[in-house]
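One-letter residues, chain by chain:
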Amino acid sequence: MAPMRDDTPPNPRDLTLDTAIEPRELVSFRLKVPVPETGPLISCEGILDQVTPPPIAASSPPAASEPDSQPNLDASTESLEVEIDASPADSPNVQEEEKGTPVAAKVSPNPIIQSMTLIASMIVMLLIARFSVPRIVEEIRYSWHRGELRAEYETGGEGLKNVSLDSLSRAYEMVTSRIGPSVVHIEVQRKPAPNEEQMHRLLGGEMFGMSDQGSGVVVDADGYILTNRHVIADGESISITLGDGRRLPAEVVGTDSLTDLAVLKIEADRLMPIKWGDSDSLRVGSPVWAVGSPFGLDRTVTFGILSGKHRWVRAGEQHGASGRYQDFMQSDVAVNPGNSGGPLVDAKGSLVGINTAIVGDTYQGVSFSIPSNLSRQVYESIRTTGRVQRGYLGVSLQEVPDDLLASENTRVRGALVTGIAGDASPAGVAGVVAGDVVRRADGVDILDVGHLMRIVGKAGAGASIVLDVRRDEEDLQVTVVLGSRPFELDR
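Colleague: Just to check I follow, could you spell out the overall build of the chain for this structure?
Modeller: Within the chain, the secondary structure is distributed over 8 helices and 25 strands. Every one of the 491 residues in the chain was classed for burial, and the buried ones make up 33%. Contacts in the chain between residues at least 24 apart in sequence constitute 64% of all its contacts with a sequence separation of at least 6. Element-wise, carbon and sulfur atoms account for 55% of the exposed surface of the chain, whose accessible area totals about 30,000 Å².

Colleague: Honestly, the pattern of salt bridges in this entry has me stumped. Any pointers?
Modeller: Any two side chains of opposite charge can pair, on the condition that their charged atoms come close. Enumeration according to the criterion identifies 16 salt bridges in this entry. Between Arg-246 and Asp-244 there is a salt bridge whose closest N-O contact spans 2.9 Å. Between Arg-270 and Asp-269 there is a salt bridge whose closest N-O contact spans 3.1 Å. Judged by relative accessible area, which is 62%, Arg-270 ranks as exposed. One salt-bridge network, held together by shared partners, links Asp-244, Arg-246, Asp-269 and Arg-270.

Colleague: Help me understand the packing of aromatic side chains in this model?
Modeller: Given two aromatic rings, one states the distance between the centres and the angle between the planes to describe the pair. Applying the stated criterion across every chain, the model contains 4 aromatic pairs. With a centroid separation of 5.0 Å and 50° between ring planes, the pair formed by Trp-289 and Phe-303 is classed as tilted. Here Trp-289, found in strand β12 (residues 287-292), pairs with Phe-303, found in strand β13 (residues 300-311); they are 14 residues apart in sequence, far enough to count as distant. A relative accessible area of 4% means that Trp-289 is categorised as buried.

Colleague: Just to check I follow, could you spell out the nonpolar core for this structure?
Modeller: As a rule of thumb, soluble globular proteins bury nonpolar side chains together. Core analysis: the largest hydrophobic core is formed by 25 residues, its most contacted members being Val-219, Leu-226, Ile-274, Ile-354 and Tyr-379. Looking at this core, the elements with two or more residues in it are α3 (165-179), β6 (224-228), β10 (261-265), β12, β16 (350-358), β17 (367-371) and α6 (372-385). With 4 residues, the top contributor of residues to this core is α6. The residues touching Tyr-379, leaving out its near neighbours within four places in the chain, are Val-219, Asp-220, Tyr-224, Leu-226, Val-263 and Trp-276.

Colleague: Could you clarify how one ought to interpret the side chain of Thr-259 in this entry?
Modeller: Tracing the sequence through the fold places Thr-259 in the loop between β9 (251-256) and β10. Judged by relative accessible area, which is 1%, Thr-259 ranks as buried. Among the polar contacts made by the side chain of Thr-259, one reaches the side chain of Asp-256 at a distance of 2.5 Å.

Colleague: Quick question: what am I supposed to make of unusual backbone geometry here?
Modeller: Among all residues except glycine, the phi angle is most often negative; among peptide bonds, the trans geometry is most common. Backbone geometry at His-310 places phi at a positive 60°, although glycine is not the residue there. One can find His-310 in strand β13. Notably, Glu-473 is not glycine yet its phi reads approximately 65°, a positive angle. Within the fold, Glu-473 resides in the loop between β23 (464-471) and β24 (474-481). Under the relative-accessibility criterion, Glu-473 is labelled exposed at 68%.

Colleague: Is there a simple way to explain the environment of Asn-339 in this structure?
Modeller: Looking at the element boundaries, Asn-339 is found in the loop between β14 (328-331) and β15 (343-345). Residues Asn-339 and Gly-216, spaced 123 residues apart in sequence, show a C-alpha to C-alpha distance of 8.6 Å. Look past the residues within four positions of Asn-339 in its chain and what remains in contact with it is Ser-215, Val-291, Gly-292, Ser-293, Pro-294, Ala-334 and Asn-355.

Colleague: Would you mind going over the pairing of β9 with me for this structure?
Modeller: The two faces of the sheet receive side chains in turn, since in a regular strand these alternate between them. As paired strands, β9 and β10 are joined by 5 bridges and run antiparallel to one another. Bridge pairing links Gly-254 to Val-263 in β10. In this antiparallel pair of consecutive strands, β9 and β10, the connection spans 4 residues, and Asp-260 shows a positive phi of 60°.

The rules behind the values
Residues numbered from 1 in each chain as written. Predicted model: local features only at pLDDT ≥ 70, side-chain atom pairs only at ≥ 80, totals over all residues. Heavy atoms only, no water. Helix = DSSP H or I, 4+ residues; strand = E, 2+ residues; numbered from the N terminus. Buried < 20%, exposed > 50% of the residue type's maximum accessible area, 1.4 Å probe, protein only. Contact = heavy atoms within 4.5 Å. Areas by Shrake-Rupley, 256 points an atom, 1.4 Å probe, with all protein chains shown as cover. Salt bridge = Lys/Arg side-chain N within 4 Å of Asp/Glu carboxyl O. Phe/Tyr/Trp six-rings, centres within 6.5 Å; stacked < 30°, edge-to-face > 60°. Core = buried A, V, L, I, M, F, W, Y, C linked by side-chain atoms within 4.5 Å. Polar contact = N/O pair within 3.5 Å; in protein donor to acceptor, adjacent residues only side chain to side chain. Pairing = 2+ DSSP bridges.

Written as structure tokens, this is what we have:
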């Protein structure tokens, strides 16, 4: 075969079945594809390893005749150059150029624009979350609350279908039978005031002691009785009338002016004490009973419902009681003068409160009682030590004004520290300073000043309490080791 020029393509007609191409260990090739007329050559080079080209089969002759030529496969040549004619229709770029449409260049994205787009998207998402998430949370909480109300509504409807008036009346009778033997009638003889005694002497009359009365409840079979402090305050002698008619003298074990509670002791046997209940678990709307001696009518039973919790009234302040340490429950049970110190019980006959105060001089539909959980704590402390050992923080407090509120919930206000009782006080040692707003104590949100005082007092001396305070727009945690509240502060 004649040698082949680099720019002359092989003639397919000269390739027959008898034409054999000797296999090579390594074949190098280069393809040059000319763009028609003015287009440059597009070269493609490559190396084929261990390639054995198959023999080319004979095909029908093309329509147009081309000059005879044979490919030059020289053994000494390391490359095979072939030129392939490409028609204008086979090149899309050529078609685009002929039509006059420019070919769009591929442009890489700008990283600065990408970053700014990402930041803008994040800002938009944060703004959407800022204004939409609170509303979504509120809707969820509202739906949850409505679900609870719906469940209670349906449960109440089903329960009322099974209520029998006879069984309800029987329940009232059993509650009365259960608590009746534990209620006592208290009579107190007081020394007359100096001006009253002088007036009787001027008139020539004989002066007798002033008599007062109230109620109480036996809380222990050893003879311990719980009542109000104002019932037995300034009493020269105290007598107790039991449910079985026995009349016995009583001595004062101890009193607590801040909660208006007192513990008495009698020497008697065969006593039937009342069972302690859980005032915290008692829900508003629950039925309650009050037993006492209004106007001297002993063992009078009245019925009502629990109307509210966590009330504050000025009950017993004339005898030293402090509203800061009181946490009354409100009911519509009929309570009148003489009911003070008597028990408030639930449907199980358990003690849930000590009846203490009313609005006005006579019953007007609103009465208040000291919760049993607080009463029990005071009773156990007085019985053990003779007085109530409360925790002492050593600060002066006042209510938080609206401009210092840290949350939108105005019912959870916290307590504002206005002064420290010296650097050696528990608060001073812990680093509490004036101007701090105490928001939580041991993880419990502080409602007001009285709430913080009750938590600290209940913790007791020597206890460690963690306070979450807000100081100059900064939230801090302070651990305070409580001291013992000075006794003179309770007077």
